[in-house]
Amino acid sequence: MRRLLLAALVVAACRTAAPPVIERSPDPTAPPLVGVPLDQTQLVNARSVVAAAERGDRAGAERFLAKLPPSHPVTTLARLEMRFLGGEDVAGEARAFAEGAGDYGSAWALAALAATRAGDLEGSVSAAQRVAVLQPDPGWDKLIAEGEQALLAAAMREASSLLAAGDAAGALAKARGVLERSPRLTAARLLAVRAALAAGESRTAAALVPALGDDPEATELKGRVAEALGQWEMAASLYASLPDRHPGRCELLEGARDQLRYRDAPPYLTRAVSAQAVTRKGLAAILAWEAPALAQRAGGSVPVFEDIVQIAERIDIVTVARAGVVPGDQVSRRFYPDRHVQARELRFVLERLAEALQRPAPRWCEGEAAEGCLTVPLEPSGRNAAELVRTIAGFGGERCNHR
C-alpha cells in the first residue's frame, strides 16, 4: 500500500511539474500546428529539446529529441532549433521547411530568426510577415518595421552607387523598387527622378515629379525635368523661385533663359554661346544677336575678309566690323575668325560696343569686385561674352559671378 501511495505521488508530481521554459526561441508546440496530433508527453519532450538547447545542453536536447516521432513536423522543427541554438546556419533549411509546412507558425518564426542572423533581410522580413499573421505578437511587427527600414536603406545605397557608377537604368529600377515598398519616401522619388533624367527617360521623370513637394531640391529637379522636355519657360520660372543661396541657382536660371533667348537662333550661335573659349567669329555672332541695333550703326564701308567667305558667321562679322566694334586687318584682308578672344581684346570690343550703342562706358573691376563694375575672365567663354554683351547693351538680366 505504501508503495502504491508513493507511485501515485510521483505521478501527481509529474502532472503538476512546471513545463520547460523557452525564452529565446520559437515554441515548437505553439499553435497553429501541423501533422498528426501529439500527446501531452510528446509535446513536453519537444519543448524540452529547445529548452535544453537554450541552456547549452546539447546532450540533453538529443535525449529528448530521441523520444519524439522521427518524421513529425514538430520533431523536425525541434531538431532545427537545436542546431540553430548550437550556432549552425540553418537559414536555408528553415525556410524550405517552413514553406513545406504551410501554416506552421513556429516554423516561420525560426525561418525569420535564422534569416536575420544570416543577414538575409528579404528572407527575414517575408518570414516575419507570415508569422505575424499566424502568431500575432508586437515583437514581429517591430522586426518587420526594422527590417523594412534596413531593406529600404540598403536599396537606396545600391541605387545611389549605381547612379554614381553610370548605370542610370539600374539605379532607376532599384529606386522604383523602393518606391513600390514605400511610395511616400521622398528620397527614393528624388533619386528615381535623377536616374530617369540620366537614363534619358524624361517622360518617366515627368511622371514621378508631381508627388514631390516644393522644397528647393524638389523644385530644382522639376526644373531639370522641364528642361529635358524642352519646356524652357517653366524651367526658368522654377529656377527663379529657388532661394538666392541655393547652389547653382544662378547658372541654372541663366541656362534656361539662354535656351529661351536662343531657341530660334542659328546653330552656329548656340555653339558660340556654349563654347568654353570664345572665338572672334563666335563673338561676332553673339554681338549681332544680343545687340541687334548694331546693324543700324553699321555705316562703315563693307570690309573684304578673305578668310570668312566660307563660314556661316560671315554676315555677322561684316556687321560688327562695319559698326567698328570688332575690326579686322584691312591690309591683309583677314579677320582671323578662329582666333580665341582674350580678356584684353574683349574689353576693347565691349568699350567699342558701348560707344556704338551710345551706352555708358563699362567700368572694369580692379582688384576686389565693387558694385557696378564688370569682370572679364582671362580666357572668356561664350557665356561670359554673351552676359557681358547683354549688360553693355542694356538687356542684362540676373548675372552670376564667373571666376
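Details of the structure are given in the entry above.
Computed from a predicted structure; not experimentally measured.

Caption draft 1: Just helix H5 (residues 91-101), in detail. Every buried residue belonging to H5 is among Ala-91, Ala-94, Phe-97, Ala-98 and Ala-101, and all of these are buried. For H5, the arc enclosing every buried residue in end-on projection is 130 degrees, short of the 170-degree limit, so these residues lie on one face. Turned more than 90 degrees away from the buried face of H5, the exposed residues are Gly-92 and Gly-100. In this fold, the buried residues of H5 make contact with helix H4 (73-85) and helix H6 (105-118). Positive backbone phi, approximately 70 degrees, marks Gly-102, located one or two places after H5.

Caption draft 2: Representation of the side chain of Glu-313. Checked against the element boundaries, Glu-313 lands in the loop between helix H17 (294-297) and helix H18 (314-322). In this view, Glu-313 contacts Tyr-268, Lys-281 and Ala-285; residues no more than four positions away in its chain are not counted.

Caption draft 3: Representation of the pattern of salt bridges within the structure. Within the structure shown, the criterion is met by 19 salt bridges. Between Glu-88 and Arg-58 there is a salt bridge, with its nearest N and O atoms 3.9 Å apart. Residue Glu-88 is found in the loop between H4 and H5, and its partner Arg-58 is found in helix H3 (residues 58-66); the two are separated by 30 residues along the sequence. Under the relative-accessibility criterion, Arg-58 is labelled partly exposed at 37%. Between Glu-220 and Arg-224 there is a salt bridge, with the nearest N and O atoms lying 3.0 Å from each other. Remark: Arg-224 and Glu-220 occur in helix H12 (residues 216-228); sequence separation between them is 4 residues, near one turn of the helix. By relative accessible area, which is 17% here, Glu-220 ends up buried. By sharing partners, the salt bridges in this structure join Arg-58, Glu-62, Arg-83, Glu-88 and Glu-93 into a single network.

Caption draft 4: The arrangement of the side chain of Asp-316 in detail. In this fold, Asp-316 is placed in helix H18. No salt bridge is formed by the buried Asp-316, whose closest oppositely charged neighbour, Arg-314, lies at an N-O distance of 10.0 Å. Within polar-contact distance, the side chain of Asp-316 engages the side chain of Tyr-268 at 2.8 Å.

Caption draft 5: Highlighting the packing of helix H9 (residues 168-181) against helix H10 (residues 186-198). Where H9 meets H10, the closest approach of the two axes is 8 Å, and the angle between their N-to-C directions is 155 degrees. With respect to H10, the element H9 is oriented roughly antiparallel. In this structure, H9 crosses over H10, and the sense of that crossing is left-handed. Seen from H9, the contacting residues are Ala-168, Ala-171, Leu-172, Ala-175, Val-178 and Leu-179; seen from H10, they are Ala-188, Arg-189, Leu-191, Ala-192, Ala-195, Ala-196 and Ala-198.

Caption draft 6: Inspection of the state of the cysteines at higher detail. Evaluation of the coordinates by the stated rule reveals 1 disulfide. Between the sulfur of Cys-365 and that of Cys-373 lies a disulfide, 1.8 Å long from S to S. One disulfide, between Cys-365 and Cys-373, carries an S-S torsion of 95 degrees and so falls in the right-handed class. For Cys-365, a relative accessible area of 11% gives the class buried.

Caption draft 7: Main features of unusual backbone geometry. Omega for the peptide link from Pro-31 to Pro-32 comes to 0 degrees, which places this bond in the cis form. With respect to the secondary-structure elements, Pro-32 resides in the loop between helix H1 (2-16) and helix H2 (40-54). Its identity as a non-glycine residue notwithstanding, Arg-333 has a phi of 60 degrees, on the positive side. Note that Arg-333 resides in the loop between H18 and helix H19 (343-356). One non-glycine residue with positive phi stands out, namely Gln-358, at about 55 degrees. Tracing the sequence through the fold places Gln-358 in the loop between H19 and helix H20 (382-393). The exposed category is assigned to Gln-358, whose relative accessible area is 68%.

Caption draft 8: Seen up close, the packing of aromatic side chains. For the structure shown, the criterion picks out 2 aromatic pairs. Each ring, one from Phe-97 and one from Tyr-104, has its centre 6.2 Å from the other, and the planes form 75 degrees; the classification is edge-to-face. According to the relative accessible area criterion, Phe-97 is buried, its value standing at 17%. What makes Tyr-104 buried here is its relative accessible area of 0%. Its guanidinium or amino end placed over the ring of Phe-84, Arg-117 lies 3.8 Å from that ring's centre, counting from NZ or CZ.

Caption draft 9: Region of the structure containing H12. Compared with an ideal rise of 1.5 Å per residue, which puts 13 residues at 18 Å, H12 spans 18 Å between its outermost C-alpha atoms and is within 8% of the ideal. Regarding H12, the residues found buried are Ala-218, Thr-219, Glu-220, Leu-221, Lys-222, Gly-223, Val-225 and Ala-226. Elements in contact with the buried residues of H12: H10, helix H11 (202-208), helix H13 (232-240) and helix H14 (249-261). Gly-230 sits one or two positions beyond H12 and adopts a positive phi of about 75 degrees.

Caption draft 10: Local environment of the packing of helix H15 (residues 267-274) against helix H16 (residues 280-290). The interhelical angle for the contact between H15 and H16, taken along N-to-C directions, is 110 degrees, at an axis separation of 9 Å. Between H15 and H16, the crossing angle belongs to the class labelled roughly perpendicular. From H15, Tyr-268, Leu-269, Ala-272 and Val-273 reach across to H16, where they touch Gly-282, Ala-285, Ile-286 and Trp-289. Residue classes in the contact of H15 with H16 are distributed as 7 nonpolar, 1 polar and no charged.

Reading the values: the criteria
- Residues numbered from 1 in each chain as written.
- Predicted model: local features only at pLDDT ≥ 70, side-chain atom pairs only at ≥ 80, totals over all residues.
- Heavy atoms only, no water.
- Buried < 20%, exposed > 50% of the residue type's maximum accessible area, 1.4 Å probe, protein only.
- Helix = DSSP H or I, 4+ residues; strand = E, 2+ residues; numbered from the N terminus.
- Arc of directions from axis to C-beta.
- Contact = heavy atoms within 4.5 Å.
- Salt bridge = Lys/Arg side-chain N within 4 Å of Asp/Glu carboxyl O.
- Lys, Arg positive; Asp, Glu negative; His and termini not counted.
- Polar contact = N/O pair within 3.5 Å; in protein donor to acceptor, adjacent residues only side chain to side chain.
- Axes fitted to C-alpha atoms, helices over the stretch in contact; angles between N-to-C directions.
- Parallel < 35°, antiparallel > 145°, perpendicular 65-115°, else oblique.
- Left-handed = near helix turned anticlockwise from the far one by under 90°.
- Disulfide = S-S within 2.5 Å.
- Phe/Tyr/Trp six-rings, centres within 6.5 Å; stacked < 30°, edge-to-face > 60°.
- Lys NZ or Arg CZ within 6 Å of the ring centre and 35° of its normal.
- Expected span 1.5 Å × (residues − 1).
- Nonpolar A, V, L, I, M, F, W, Y, C, P; charged D, E, K, R; others polar.

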